[in-house]
Amino acid sequence: MAANESTPPTLTRTSTEPVHVLFVGAGAVGCFYASRLHHPSQNVYTSLTARSNYSAIASSGVVLQTHSFGNYTFWPYAVFPSISAAAPNASSPSTNHASSRQSSSRPPPPHGWDYIIVTTKALPDRSDDAALIAPLVSAKSCIVLIQNGVGVEEPYRTRFPQNPIVSAVTVISAEQIKNGLIRQNRWTRISLGPYGAGLASPPGEAASTAQVVRRGQECMERLAHWWNEYGGIRDVETHTELELQTIRWHKLCINAAFNPTAVLSGGRGNADQLTDLELREHVTAIMKEIWDSAPHVLGKPFPDNLATPDRIIKSTERNTGARPSMLLDWEAGRPMELEVILGNPVRIARAAGVEMPKLQSLYALLRSMQKVREDRKAKEKL
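Residues numbered from 1 in each chain as written. Predicted model: local features only at pLDDT ≥ 70, side-chain atom pairs only at ≥ 80, totals over all residues. Heavy atoms only, no water.

1. With respect to the overall build of the chain
Step number 1: Of regular secondary structure, the chain possesses 14 helices and 10 strands.
Step number 2: Taken against the 2.2 N^0.38 rule, which gives 21 Å for 382 residues, the C-alpha radius of gyration of the chain at 21 Å falls within 12% of a compact globule.
Step number 3: Reported as C-alpha extents along the three principal axes, the dimensions of the chain are approximately 60 × 50 × 45 Å.
Step number 4: Each of the 382 residues in the chain was classed as buried or not, and the buried ones make up 49%.
Step number 5: Sequence-distant contacts in the chain: of pairs separated by 6 or more residues, those separated by 24 or more amount to 73%.
Step number 6: Computing the positive centroid from 39 side-chain charges and the negative centroid from 34, the chain places the two 5 Å apart. (Helix = DSSP H or I, 4+ residues; strand = E, 2+ residues; numbered from the N terminus. Rg over C-alpha atoms; globule rule 2.2 N^0.38 Å. Buried < 20%, exposed > 50% of the residue type's maximum accessible area, 1.4 Å probe, protein only. Contact = heavy atoms within 4.5 Å. Lys, Arg positive; Asp, Glu negative; His and termini not counted. Charge placed at Lys NZ, Arg CZ, Asp CG, Glu CD.)

2. Thoughts on the pattern of salt bridges
Step number 1: The final tally for this structure, using the stated rule, is 17 salt bridges.
Step number 2: The residue Glu374 makes a salt bridge to Arg126 at a minimum N-O spacing of 2.7 Å. On the criterion of sequence distance, the pair formed by Glu374 in helix H14 (residues 357-380) and Arg126 in the loop between strand S6 (115-118) and helix H4 (129-132) is long-range, its members being 248 residues apart.
Step number 3: With a shortest N-O distance of 3.6 Å, Arg159 and Asp128 are connected by a salt bridge. With Arg159 in helix H5 (residues 154-159) and Asp128 in the loop between S6 and H4, this pair connects stretches of sequence that are 31 residues apart.
Step number 4: Looking at Asp128, the relative accessible area reads 40%, which means it is partly exposed. (Salt bridge = Lys/Arg side-chain N within 4 Å of Asp/Glu carboxyl O.)

3. Some details on the packing of aromatic side chains
Step number 1: Inspection of every chain in the model, using the stated rule, returns 7 aromatic pairs.
Step number 2: Between Tyr33 and Trp227 the ring centres are 5.9 Å apart and the planes differ by 75°, which places this aromatic pair in the edge-to-face class. Of this pair, Tyr33 sits in helix H1 (residues 28-35) while Trp227 sits in helix H7 (residues 210-230); the two residues are 194 residues apart in sequence, bridging distant segments of the chain.
Step number 3: Taking the relative accessible area as the measure of exposure, Tyr33 reaches 0% and is therefore buried.
Step number 4: By relative accessible area, Trp227 is classed as buried at 0%.
Step number 5: When the ring of Tyr115 is compared with that of Trp226, the centres are 5.6 Å apart and the planes differ by 80°; the resulting orientation is edge-to-face. Here the residue Tyr115 occupies a position in strand S6, and Trp226 occupies one in helix H7, the gap between them amounting to 111 residues.
Step number 6: Take Trp226: its relative accessible area is 4%, and that puts it in the buried class.
Step number 7: In textbook terms, an aromatic cluster arises when at least three aromatic residues are bridged by ring pairs, as seen for Phe32, Tyr33, Phe69 and Trp227.
Step number 8: The lysine or arginine in question, Arg36, covers the ring of Phe69, its NZ or CZ lying 3.8 Å from the ring centre. (Phe/Tyr/Trp six-rings, centres within 6.5 Å; stacked < 30°, edge-to-face > 60°. Lys NZ or Arg CZ within 6 Å of the ring centre and 35° of its normal.)

4. Some details on unusual backbone geometry
Step number 1: Positioned with a positive phi, Asn43 is a non-glycine residue whose angle comes to about 65°.
Step number 2: For Asn43, the location among the structural elements is in the loop between H1 and strand S2 (44-49).

5. Focus: the packing of helix H13 (residues 338-351) against H14
Step number 1: Close contact between H13 and H14 brings their axes to 9 Å; oriented N to C, the two are set at 140°. Taken together, the axes of H13 and H14 lie oblique to each other. The crossing of H13 and H14 is left-handed. Of H14, the residues touching H13 (which contributes Leu338, Glu339, Ile341, Leu342, Gly343, Pro345, Val346, Arg347 and Arg350) are Leu359, Gln360, Leu362, Tyr363, Leu366, Arg367 and Gln370.
Step number 2: For the contact of H13 with H14, a count of residues per class yields 9 nonpolar, 3 polar and 4 charged. (Axes fitted to C-alpha atoms, helices over the stretch in contact; angles between N-to-C directions. Parallel < 35°, antiparallel > 145°, perpendicular 65-115°, else oblique. Left-handed = near helix turned anticlockwise from the far one by under 90°. Nonpolar A, V, L, I, M, F, W, Y, C, P; charged D, E, K, R; others polar.)

6. Overview of H1
Step number 1: Counting buried residues along H1, 7 of its 8 residues qualify, which places the element largely inside the surrounding structure.
Step number 2: Those residues of H1 not exposed but buried are Ala28, Gly30, Cys31, Phe32, Tyr33, Ala34 and Ser35.

7. Points about the state of the cysteines
Step number 1: The full count for this structure, using the stated rule, is 0 disulfides.
Step number 2: No disulfide involves Cys219; its sulfur sits 3.7 Å from that of Cys142, the nearest cysteine.
Step number 3: Taking relative accessible area as the criterion, Cys219 reaches 9% and is therefore assigned buried. (Disulfide = S-S within 2.5 Å.)

8. Re helix H10 (residues 277-298)
Step number 1: With 22 residues, H10 should reach 32 Å at 1.5 Å per residue; the first-to-last C-alpha distance of 32 Å fits that figure.
Step number 2: If you look at H10, its biggest bend is around 25°, right at Asp292, and the proline Pro295 turns up within four residues after that.
Step number 3: When we look at burial in H10, the residues that qualify are Leu279, Val283, Ile286, Met287, Glu289, Ile290, Ser293, Ala294, Val297 and Leu298.
Step number 4: Elements in contact with the buried residues of H10: helix H8 (241-264), helix H9 (270-273), helix H11 (309-318), H13 and H14.
Step number 5: Residue Asp276 occupies the N-cap position of H10, its side-chain oxygen lying 3.0 Å from the main-chain nitrogen of Glu278. (Expected span 1.5 Å × (residues − 1). Bend = angle between axes of the 7 residues up to and from the residue. Polar contact = N/O pair within 3.5 Å; in protein donor to acceptor, adjacent residues only side chain to side chain.)

9. Concerning the pairing of strand S4 (residues 70-74)
Step number 1: Relative to S4, strand S3 (residues 62-66) runs antiparallel, the two sharing 5 bridges. Within S4, the position partnered with Thr66 by the bridge is Gly70.
Step number 2: In this structure, the hairpin formed by S3 and S4 is closed by a connection of 3 residues. (Pairing = 2+ DSSP bridges.)

Next comes the structure, spelled out in structure tokens:
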């Protein structure tokens with residue numbers, strides 16, 4: 001961790017004010033970024049909600065094998081087996097912030113969570129995640145969304161109109177080898193941006209959210225400072241709302257091109273897809289469709305500093321062996337992130353006056369495949 005103890009004037013706070021951060025989701029990405037945000041010496045305390053890996057983390061912490069920071073064990077301030085267990089309770093006893101060793105029996109902070117960072121898969125067709133975290137949210141809470149796809153923020157803004165929201169996009173290769181054991185293979189980049197009323201909101205509505213956007217900006221700057229200066233992540237980026245949404249749409253060139261194709265091609269990884277001339281043409285055409293459609297949504301083309309489809313393909317060719325998460329979910333029988341990676345882009349683009357027929361075809365086929373398999377499983381249980 002960085003030894004720099006200085007704090008910019010705009011981030012100043014007294015040393016007696018503990019900051020409590022809760023990560024909702026203890027997968028590989030969540031555990032990695034949580035481990036770089038836990039700084040008891042700076043009065044920043046990070047906790048986790050975990051499900052299948054709760055017992056392992058509660059008893060032994062999170063063991064991390066990282067390319068960027070070596071091997072270490074992250075002991076969260078507290079670990080909770082569910083969101084309800086992490087909900088603040090005014091009757092909870094006061095907690096001792098002096099200990100650097102954490103306990104799974106610690107209660108939630110009595111004055112609520114300052115930051116609630118959601119790192120679970122975005123499955124709006126299966127659950128209302130904004131409603132699920134409602135017991136955690138208070139007036140002071142900032143909601144941070146580290147999730148794939150586009151349109152993930154709107155349900156949270158609808159439910160929590162006065163809470164600051166920070167949207168985040170990561171570029172990281174990490175995996176949970178077994179419960180409580182995380183391996184970070186490469187990359188650490190995280191891009192942050194405040195979220196107001198959305199890019200398509202009318203001017204009056206955007207103006208009404210100016211104050212909450214300013215709060216989001218302040219929260220974003222604090223997070224970036226803690227991750228960078230204390231956590232040692234050097235490629236933390238802060239952006240405006242439009243810039244961050246542009247990054248989200250640009251990342252679709254990877255997620256919406258390779259992930260669905262991995263499933264529909266019979267299980268071929270990203271680099272392997274490009275060895276097939278027909279699949280290569282197919283993937284390139286999807287990227288081009290996103291590239292051509294995004295300006296209608298964003299109001300301007302992708303900036304020159306973002307990788308073109310050709311550059312993305314050349315980079316992907318070198319990343320042999322990579323198998324996208326959508327393929328892993330399909331093979332494991334789990335729901336896929338179809339709405340935020342395919343369905344939402346199609347609907348948002350259509351509302352902006354442009355069709356995305358290639359993405360719509362992928363969306364229709366995969367949604368049907370998933371429904372047929374789930375219907376078959378349901379009948380088998382009868």
